[in-house]
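One-letter residues, chain by chain:
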Amino acid sequence: MSRAYVFTRHGGPEAESFIDRPPPSPGPGQLLVAVRAAGVNPVDWKLRSGYRRPGSPPAELPEVLGSEAAGVVVATGPDVEGFAVGDAVFGSTLTGGYAEHTLLPVAVAAHKPAALSFTDAAALPVAAATAFDAFDQLGLARGATLLITGAGGGVGVAAAQIARGRGIRVLGTASTAKREFVESLGAVHLAPGPDLAERVRAAAPDGVDAVLDLVGGAVLRAAAGLLTDRTRLVSAADKGTVSELGGAAVVRLRTAAVLDEVARLVLDGTLDPHVTRIFPLERAGEALRAVESGHAQGKIVIEVAA
């Protein structure tokens, strides 16, 4: 049997529990992976609360929590090429990451470089890959100025570092408690709240060239007012509002090639996943609470014993 942390109905933390189940069977183009680490993301608790990704079928309860994982291939399904039993891999999960075993579709799985730890690899498929996709979408040139709202979370941390590696100046909004952390990423820290536009103009008198929004709502509306070209406004947090404002949602490519690229950025020193806390699988609920509180900085990862 295989241990997994699931939600049994839509709701709050009270809907979560551990179950023992047979390991899932890999279908065509799928890898059965013994999980070594799983990233924790805001979308995890949102799915538990009832959110479904556009185009996704209804939840089949109980549903295992988690969207990204790293581990070792223990079986392959039909029509799998380029992967074999014993390979260390990471990617987006098909059957949840907070578990001893999960399925990875080969289309969104990549080989883990030996020099990349399982915990760092597990932190890349959602946050770092989203940041990478956003930059491809924005197409900013060296010397541009970018405003990132919500710069202290997983996507913001990755985005600030990728921007710095491309010679882009970053202004980042985050709570005052995260100021030192945001500045350590090479970004100019800005407190959120009223009069954000005035603080941005004080820090960047020539204006900003683009906005990557990771908060949505009123913060997104305030940031949008700083741009004349709304094609340089993208959001990973509020698809409806950003479309209303003339911008666009971040388009996720969800490819193995992107995973290879973000892993390369870690290895060449451009990107530090900033895994700030690691919890054992037995404390998966505590790990999710840390993210759900909204106060986590960097990435939180669940480690699964070999």
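Everything that follows concerns the structure shown earlier in this document.
All values derive from a computational prediction rather than experimental measurement. (Residues numbered from 1 in each chain as written. Predicted model: local features only at pLDDT ≥ 70, side-chain atom pairs only at ≥ 80, totals over all residues. Heavy atoms only, no water.)

Asker: Quick question: what am I supposed to make of the nonpolar core here?
Answerer: Proteins that are soluble and globular tend to have nonpolar side chains buried together. Judged by nonpolar contacts, the single largest core of 49 residues is most densely connected at Phe-90, Leu-124, Leu-146, Ile-148 and Leu-212. Among the secondary structure elements, those contributing two or more residues to this core are helix 2 (118-122), helix 3 (124-138), strand 9 (145-149), helix 4 (154-165), helix 5 (179-184), strand 12 (210-213) and helix 9 (256-267). Here this core takes nine residues from helix 3, the largest share from any one element. Non-local contacts of Ile-148, meaning those with residues more than four positions away in its chain, are made with Gly-156, Ala-159, Ala-160, Val-170, Leu-171, Gly-172, Thr-173, Leu-212 and Leu-214. If you look at the next biggest cluster of nonpolar residues, it comprises 18 residues, including Phe-7, Phe-279, Leu-281 and Ala-290. (Core = buried A, V, L, I, M, F, W, Y, C linked by side-chain atoms within 4.5 Å. Buried < 20%, exposed > 50% of the residue type's maximum accessible area, 1.4 Å probe, protein only. Helix = DSSP H or I, 4+ residues; strand = E, 2+ residues; numbered from the N terminus. Contact = heavy atoms within 4.5 Å.)

Asker: What should I look at first to understand the packing of helix 3 against helix 4 in this one?
Answerer: Packing of helix 3 against helix 4 leaves a shortest axis separation of 8 Å and a crossing angle of 50°. If you check the angle between helix 3 and helix 4, you find them oblique. Crossing handedness for the pair helix 3 and helix 4: right-handed. Every residue of helix 4 that contacts helix 3 at Ala-127, Ala-128, Thr-130, Ala-131, Phe-132 and Phe-135 is listed here: Gly-154, Val-155, Ala-158, Ala-159, Ile-162 and Ala-163. (Axes fitted to C-alpha atoms, helices over the stretch in contact; angles between N-to-C directions. Parallel < 35°, antiparallel > 145°, perpendicular 65-115°, else oblique. Left-handed = near helix turned anticlockwise from the far one by under 90°.)

Asker: Explain unusual backbone geometry here, please?
Answerer: Glycine aside, residues mostly have negative phi angles, and peptide bonds mostly take the trans form. Of the consecutive residues Leu-61 and Pro-62, the connecting peptide bond is found in the cis state with omega at 0°. Mapped onto the elements, Pro-62 comes out in the loop between helix 1 (42-49) and strand 4 (63-64). Positive phi outside glycine occurs at Asp-195, with the angle close to 65°. Among the structural elements, Asp-195 can be located in the loop between strand 11 (188-190) and helix 6 (196-203). Under the relative-accessibility criterion, Asp-195 is labelled exposed at 53%. Residues other than glycine seldom take positive phi values, yet His-274 does so here, at roughly 50°.

Purely geometric stuff here, so don't read any function into it on its own.
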